[in-house]
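# Remarks on the overall topology
Read off the chains here:
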Amino acid sequence: MSEPSLMTQQLDALLFQEEDQTANLANASALLMQSLPDINWAGFYLYQQSTDELNLGPFQGKVACMHIKNGAGVCGKALQTKKVQRIANVHDFPGHIACDSDSNAELVVPLFTKTCQPIGVMDIDSTTLARFTTEDQSELIEFATVLVQHIDSN
């Protein structure tokens with residue numbers, strides 16, 4: 001297996017021995033924003049079982065939608081299907097929720113505990129169409145895996 005990316009190594013070091021989920025997600029979103037070129041939003045939506053929706057969590061960027069129903073938009077679809085959504089043009093995505101009209105591409109990684117309970121999603125947006133590559137997707141899945149290891153207390 002290849003060595004983790006520098007960004008993922010930085011995340012692992014940054015979150016070392018920190019148990020506060022909000023602090024960890026806040027620093028993870030800041031690290032994404034400062035490390036990834038050409039993005040305009042990076043953050044998290046956290047799953048609320050009582051309402052079966054995603055609620056806005058720590059993020060970097062413009063103001064955002066606060067509630068997303070499970071299955072709705074790119075974030076809700078990622079959660080519902082448990083699959084990464086890499087969208088080249090969000091305007092072509094059926095049911096896209098336009099929180100920021102400047103965003104054109106989006107990559108969303110679903111986050112689940114080791115016992116398969118939903119945590120939420122990691123959402124990254126760009127103003128550039130087709131901004132995210134398969135390499136970006138692989139790196140961000142790796143990043144999310146390390147993040148979940150730090151926030152999953154199960």
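Report on the accompanying structure. None of the values given here were measured: they were computed from a predicted structure.

Our focus in this paragraph is the pattern of salt bridges. Two side chains bearing opposite charge may form a pair once their charged atoms approach each other closely. Using the criterion set out here, one finds 3 salt bridges in the structure. Close ionic contact of Lys62 with Asp102 constitutes a salt bridge, the shortest N to O distance being 2.7 Å. Of this pair, Lys62 sits in the loop between strand 2 (53–61) and strand 3 (67–69) while Asp102 sits in the loop between strand 4 (85–87) and strand 5 (105–112), and the two are 40 residues apart along the sequence. Here Asp136 ties to Arg131 by a salt bridge, and the two come within 2.8 Å at their closest N and O atoms. Like Asp136, the residue Arg131 is buried in the burial classification.

On to the sheet that holds strand 4, then. Strand order in the open sheet formed by 6 strands is 3-2-1-6-5-4, and the pairing between neighbours is antiparallel. The outermost strands of the open sheet, each flanked by one partner alone, are strand 3 and strand 4. Ignoring strand direction, the axes of neighbouring strands in this sheet form an average angle of 20 degrees. With 3 bridges joining them, strand 2 and strand 3 adopt antiparallel strand pairing.

Let us now look at helix 2 (residues 21–35). Counted at 1.5 Å a residue, the expected span for helix 2 with its 15 residues is 21 Å, and the 21 Å between its end C-alpha atoms agrees. For helix 2, the elements touching its buried residues are helix 1 (6–14), strand 1 (41–48), strand 2, strand 6 (118–126) and helix 4 (134–151). Two or three places before Thr22, at the opening of helix 2, Asp20 has a side-chain oxygen 3.1 Å from that residue's backbone nitrogen.

Attention now goes to unusual backbone geometry. With a phi angle near 60 degrees, Lys82 is a residue other than glycine that sits in the positive phi range. Relative to the assigned elements, Lys82 resides in the loop between helix 3 (73–81) and strand 4. Positive phi values are uncommon outside glycine, yet Cys116 reaches one of about 70 degrees. Looking at the secondary structure, you find Cys116 in the loop between strand 5 and strand 6.

The rules behind each value
Residues numbered from 1 in each chain as written. Predicted model: local features only at pLDDT ≥ 70, side-chain atom pairs only at ≥ 80, totals over all residues. Heavy atoms only, no water. Salt bridge = Lys/Arg side-chain N within 4 Å of Asp/Glu carboxyl O. Helix = DSSP H or I, 4+ residues; strand = E, 2+ residues; numbered from the N terminus. Buried < 20%, exposed > 50% of the residue type's maximum accessible area, 1.4 Å probe, protein only. Pairing = 2+ DSSP bridges. Axes fitted to C-alpha atoms, helices over the stretch in contact; angles between N-to-C directions. Expected span 1.5 Å × (residues − 1). Contact = heavy atoms within 4.5 Å. Polar contact = N/O pair within 3.5 Å; in protein donor to acceptor, adjacent residues only side chain to side chain.

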